[in-house]
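Tertiary structure, described
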Amino acid sequence: QKEVEQDPGPLSVPEGAIVSLNCTYSNSAFQYFMWYRQYSRKGPELLMYTYSSGNKEDGRFTAQVDKSSKYISLFIRDSQPSDSATYLCAVDNDYKLSFGAGTTVTVRA
Amino acid sequence: DAGITQSPRHKVTETGTPVTLRCHQTENHRYMYWYRQDPGHGLRLIHYSYGVKDTDKGEVSDGYSVSRSKTEDFLLTLESATSSQTSVYFCAISWTSSSYEQYFGPGTRLTVT
């Protein structure tokens, strides 16, 4: 079983819509949950991380972790064409990162 | 890209030839990682290093070896390249063993024909 499973997408939304991205993970011992953003032909960059359970907000981005259901979510409010990218969830797995497969998001102007 | 360079950025090679990819950092970070990225699989860890001459295997290490003789350089070698190793390879660095915050290089696109 993979450590992290991610909805494959792709996702296409109109500008201004809310984007909702989801992952599930297998091991209840995971404590750090990350979202990385990757633009086309670039390396991933850390967008947000959450420690343990709960919500974290950063501008238009909100990360949620529900440890009871082993569910990770990322919400993007008022989406912009510049948000078009691949979003990867990840968990801190014994000093290494385990990544989901990534969801490609396109925000249409 | 946080002081990380990868070379070469693109390479086409033939099956059976050895290939070495280089990752160079100017951040003096202790931890360095090599990943490959393939459609449908996301990023998968090949090898990582937790100090000079200290390395360990990741989940997809077969067919790959690494070396780290200096803090700033981490080399990935494909001893005998196969078509299944066609991929995009990313190097990453981290300051601490709590690896949640990793900084990635720009990637190397490798094609094995």
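The coordinates are above.
Residues numbered from 1 in each chain as written. Chains lettered and ligands numbered in written order. Predicted model: local features only at pLDDT ≥ 70, side-chain atom pairs only at ≥ 80, totals over all residues. Heavy atoms only, no water.

1. As for the overall build of chain A
Keep this limit in mind: Only DSSP runs of H or I covering at least 4 residues are called helices, and only runs of E covering at least 2 are called strands; the numbering of each starts at the N terminus. Atoms considered for the radius of gyration are the C-alpha atoms alone. The globule rule reads 2.2 Å times the number of residues to the power 0.38. When a residue's accessible area, from a 1.4 Å probe over protein chains only, is under 20% of the maximum for its type it is buried; when over 50% it is exposed; and in between it is partly exposed. We call two residues in contact when some of their heavy atoms are within 4.5 Å. In short, Shrake-Rupley with a 1.4 Å probe defines the accessible areas, and a residue's cover is counted only from the protein chains shown. His is not counted, nor are the chain ends; Lys and Arg add positive charge and Asp and Glu add negative charge. Charge positions are represented by NZ for Lys, CZ for Arg, CG for Asp and CD for Glu.
Within chain A one finds zero helices and 11 strands. In sequence order, the secondary structure elements of chain A are arranged as β-β-β-β-β-β-β-β-β-β-β. The C-alpha atoms of chain A give 13 Å as radius of gyration, which agrees with the globular expectation for 109 residues (13 Å, within 12%). Seen through its principal axes, chain A has C-alpha atoms that stretch 40 × 25 × 20 Å. For chain A, with 109 residues in total, the buried portion stands at 43%. Counting contacts in chain A only where the partners sit at least 6 residues apart, residues at least 24 apart contribute 53% of the total. Total accessible area on chain A is roughly 5300 Å²; 46% of this is exposed by carbon and sulfur atoms. Charged side chains of chain A number 11 positive and 12 negative; the gap between the two group centres comes to 4 Å.

2. Considerations on the interface of chain B and chain A
We apply this condition: The quantity reported as buried area is the accessible area (1.4 Å probe) lost by two parts once they are put together, taken as the sum for both. Salt bridges are counted wherever a side-chain nitrogen of Lys or Arg sits within 4 Å of a carboxyl oxygen of Asp or Glu. Under this definition, polar contacts are N or O atom pairs within 3.5 Å; protein pairs additionally need one hydrogen-donor-capable and one acceptor-capable atom, and for neighbouring residues in sequence, both atoms have to be side-chain atoms. Throughout, the ten residues Ala, Val, Leu, Ile, Met, Phe, Trp, Tyr, Cys and Pro are labelled nonpolar, Asp, Glu, Lys and Arg are labelled charged, and all others, Gly among them, are labelled polar.
Counting residues at the interface gives 20 residues for chain B and 19 residues for chain A. Summed over both sides, the interface between chain B and chain A buries roughly 1700 Å², with carbon and sulfur atoms accounting for 54% of that surface. Here chain B is connected to chain A by zero salt bridges. Counting across the interface, chain B meets chain A through two residue pairs in polar contact (both at pLDDT 80 or more). Residue assignment for the side of chain B that touches chain A shows that the elements contributing at least two residues are β4 (31-38) and β5 (42-51) of chain B. Top contributing element to the side of chain B that touches chain A by residue count: β5(B), with four residues. Among the residues making up the side of chain B that touches chain A, the classes are represented as nine nonpolar, nine polar and two charged.

3. A short note on the state of the cysteines
Such a bond, covalent and formed between the sulfur atoms of two cysteines, is termed a disulfide. Note the following rule: Only a pair of cysteine sulfur atoms within 2.5 Å qualifies as a disulfide here.
Evaluation of the coordinates by the stated rule reveals two disulfides over all chains. One disulfide bridge connects A:Cys23 with A:Cys89, the sulfur atoms lying 1.9 Å from each other. Across the disulfide from A:Cys23 to A:Cys89, rotation about the S-S bond amounts to roughly -100°, and the bridge is consequently left-handed. Within this pair, whereas A:Cys23 is found in strand β3 (residues 19-25), its partner A:Cys89 is found in strand β9 (residues 85-93), the two being separated by 66 residues in sequence. Here A:Cys23 falls in the buried class, since its relative accessible area comes to 1%. Across a sulfur-sulfur distance of 1.9 Å, B:Cys23 and B:Cys91 are joined as a disulfide pair. Between B:Cys23 and B:Cys91, the disulfide has an S-S torsion of -70° and is therefore left-handed. On the criterion of sequence distance, the pair formed by B:Cys23 in strand β3 (residues 19-25) and B:Cys91 in strand β9 (residues 87-94) is long-range, its members being 68 residues apart. For B:Cys23, a relative accessible area of 0% gives the class buried.

Coordinates in, geometry out; function isn't part of it.
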